[in-house]
Amino acid sequence: MSQWKNFSKGIFKENAVFVLFLGLCPTLGVTSSAINGLGMGLATTFVLVMSNLVVSIVKSQIPDKVRIPSFIVIIASFVTMVELVMQAYIPALFEQLGLFIPLIVVNCLVLGRSEAFASKNSVLSSIIDGVGMGLGFSIALTILGGVREILGSGTIFGFNLHMFPVDEEGNPITMIVFVLAPGAFIALGYLIVLINKINKKNA
Amino acid sequence: MDYIIIIISAIFVNNILLAQFLGVCPFIGVSSKVETSIGMAGAVTFVMVIATIVTYLLQKYVLEAFGITFMQTITFILVIASLVQLVEIILKKVSPALYQALGIFLPLITTNCAVLGVAILAVQKDYNLIGSVVFAISNAIGFGLALVIFAGLREHMDMVNIPKGMKGVPIAFVVAGLLALAFMGFTGLV
């Protein structure tokens, strides 16, 4: 497999969210706005790339029986780093993402790539796989966050789009349900249909 | 009185699945039959309650006592992972019948974010030990309730005519959204 294919599969053909349905909890939980989705995506990408890198380096040293716990420890170490760095430098985003930062540990996407890819492939391939998968995840979260933000608050990345009518006090009348919990499920459901359609046309 | 508020809030108002999005993977992946989802709910309840008790004690007497709370994530996930293994081994010896019923779901629970999520939330909300246990049990009930209702809905969905592109996961998400909408009716109860 060429490295380009290795990279691009994570974005299109094996997109973690839209095709493989991995890492759904943060996908639904944090995407009430595009910027939250992007932040979560990038945090996960960092953990994914670093854990892929370390796992592919130490793969021959780890006995087969304890490999899953070892992978979890490696992942948890990087998650703790992300947690501390975000808390120090971008506390506002850290507050918004809240519980979902420590929960990157149990994101099945990260452990899944360690087990299915990094433990079998070379260091370079593993890094490229991590970057591609992470980017695909980030793009999916940003799209979902963007859709929900546009429909639910009439803004994108915080910029007002002035696309909804306003009430007497000047507040836009939006489809508020999309920034709430039910909107996450519904928006993702229809996005998956759309992506499936596009994928089928290209295949 | 406080405990009643915790219970109602965790089961209905802030339902762990439909309002907080924890444990969505088994929700979408496992729950296509009522029977299997009851098994899953049982296994999650079991592990969630034990994990919350153990992590609570660890947090209070080890992490906070030594001032190393930044190790929380690593400690908790290791505790949960080994706990799942332990529960599996003990169940196999002590109650083969229960092991038969829950067995296949146990390994899946390590990566169920609801367990780790509840353990961390109980610490964040600063409950005492009994409060944490009540919190864990009611969250587990909330999880089971949503899982079983959803499985029932999906069993019915197999029999109706759904547009081709919507079949399978997409329609499951839309139905989950409607279910979440229904649960939003409980807002303001507490």
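Residues numbered from 1 in each chain as written. Chains lettered and ligands numbered in written order. Predicted model: local features only at pLDDT ≥ 70, side-chain atom pairs only at ≥ 80, totals over all residues.

## A few points about the overall build of chain B
(1) Moving on: Tallying secondary structure elements over chain B gives nine helices and zero strands in all.
(2) Moving on: Each helix (α) and strand (β) of chain B, taken in turn from the N terminus, gives the series α-α-α-α-α-α-α-α-α.
(3) Moving on: Computed over its C-alpha atoms, the radius of gyration of chain B comes to 17 Å, within 12% of the 16 Å expected for a compact globule of 190 residues.
(4) Moving on: Scored against the burial criterion, the 190 residues of chain B give a buried share of 42%.
(5) Moving on: For chain B, restricting intrachain contacts to residue pairs at least 6 apart in sequence, the fraction spanning at least 24 positions comes to 79%. (Helix = DSSP H or I, 4+ residues; strand = E, 2+ residues; numbered from the N terminus. Rg over C-alpha atoms; globule rule 2.2 N^0.38 Å. Buried ≥ 20, exposed ≤ 12 C-beta atoms within 10 Å, placed from the backbone. Contact = placed C-beta atoms within 7 Å.)

## Points about the nonpolar core
(1) Moving on: Core analysis: the biggest nonpolar cluster contains 110 residues, and Val47, Ile75 and Val105 of chain A together with Val44, Met48, Val115 and Leu116 of chain B have the highest contact counts within it.
(2) Moving on: Beyond its immediate sequence surroundings of up to four residues, Ile75 of chain A is in contact with Val47, Ser51, Val105, Val110 and Leu111 of chain A. (Core = buried A, V, L, I, M, F, W, Y, C linked by C-beta atoms within 7 Å.)

## Some points on the interface of chain B and chain A
(1) Moving on: Listed as interface residues are 32 residues of chain B and, on the opposing side, 33 residues of chain A.
(2) Moving on: Every element with two or more residues in the side of chain B that touches chain A is listed here: helix H2 (24-29), helix H4 (72-94), helix H7 (113-124) and helix H9 (169-184) of chain B.
(3) Moving on: For the side of chain B that touches chain A, the element with the most residues is H9 of chain B, which contributes 10 residues.
(4) Moving on: Residue composition of the side of chain B that touches chain A, grouped by class: 26 nonpolar, six polar and no charged. (Nonpolar A, V, L, I, M, F, W, Y, C, P; charged D, E, K, R; others polar.)

## What to know about the confidence of the model for chain A
The predicted coordinates should not be examined in detail at positions where pLDDT is low.
(1) Moving on: Per-residue confidence for chain A gives a mean pLDDT of 88, with 99% of residues at or over 70.
(2) Moving on: Mean pLDDT in chain A bottoms out at strand S2 (residues 159-160) of chain A, which sits at 80, and peaks at helix H3 (residues 34-58) of chain A, which reaches 93. (pLDDT = per-residue confidence, 0-100.)

## Topic: the environment of Thr55 of chain B
Residues and elements named next belong to chain B.
(1) Moving on: Residue position: Thr55 is located in helix H3 (residues 34-63).
(2) Moving on: Considering only alpha carbons, one finds Thr55 and Ala122, 67 residues apart in sequence, at a separation of 9.4 Å.
(3) Moving on: Discounting chain neighbours no more than four positions away, the residues touching Thr55 are Phe76, Val79 and Ala119.

## Thoughts on the packing of helix H4 (residues 67-89) of chain A against H4 of chain B
(1) Moving on: The N-to-C vectors of H4 of chain A and H4 of chain B enclose an angle of 155°; their axes lie 9 Å apart at closest approach. Taken together, H4 of chain A and H4 of chain B sit at an angle that is classed as roughly antiparallel. At the point where H4 of chain A passes H4 of chain B, the crossing takes the right-handed sense. On the side of H4 of chain A, the interface is formed by Pro69, Ile72, Val73, Ala76, Ser77, Val79, Thr80 and Glu83 of chain A, while H4 of chain B contributes Thr73, Ile74, Ile77, Leu78 and Ala81 of chain B.
(2) Moving on: Per-class residue counts for the contact of H4 of chain A with H4 of chain B are nine nonpolar, three polar and one charged. (Axes fitted to C-alpha atoms, helices over the stretch in contact; angles between N-to-C directions. Parallel < 35°, antiparallel > 145°, perpendicular 65-115°, else oblique. Left-handed = near helix turned anticlockwise from the far one by under 90°.)

## Observations concerning H3 of chain A
(1) Moving on: With 25 residues, H3 of chain A should reach 36 Å at 1.5 Å per residue; the first-to-last C-alpha distance of 36 Å fits that figure.
(2) Moving on: Most of H3 of chain A is tucked away, with 19 of its 25 residues classed as buried. (Expected span 1.5 Å × (residues − 1).)

## A short note on H9 of chain B
(1) Moving on: Counted at 1.5 Å a residue, the expected span for H9 of chain B with its 16 residues is 22 Å, and the 22 Å between its end C-alpha atoms agrees.
(2) Moving on: For H9 of chain B, every residue scored as buried is listed here: Pro170, Ala172, Phe173, Val174, Ala176, Gly177, Ala180 and Phe183 of chain B.

## Details of the packing of H3 of chain A against H4 of chain A
All names here are of chain A.
(1) Moving on: Between H3 and H4, the least distance of the axes is 9 Å, while the angle of their chain directions is 140°. The handedness of the crossing between H3 and H4 comes out as right-handed. Between H3 and H4, the residues in contact are Ala43, Phe46, Val47, Met50, Ser51, Val54 and Val55 and Phe71, Ile74, Ile75, Phe78, Val79, Val82 and Met86, respectively.
(2) Moving on: Residue composition of the contact of H3 with H4, grouped by class: 13 nonpolar, one polar and no charged.

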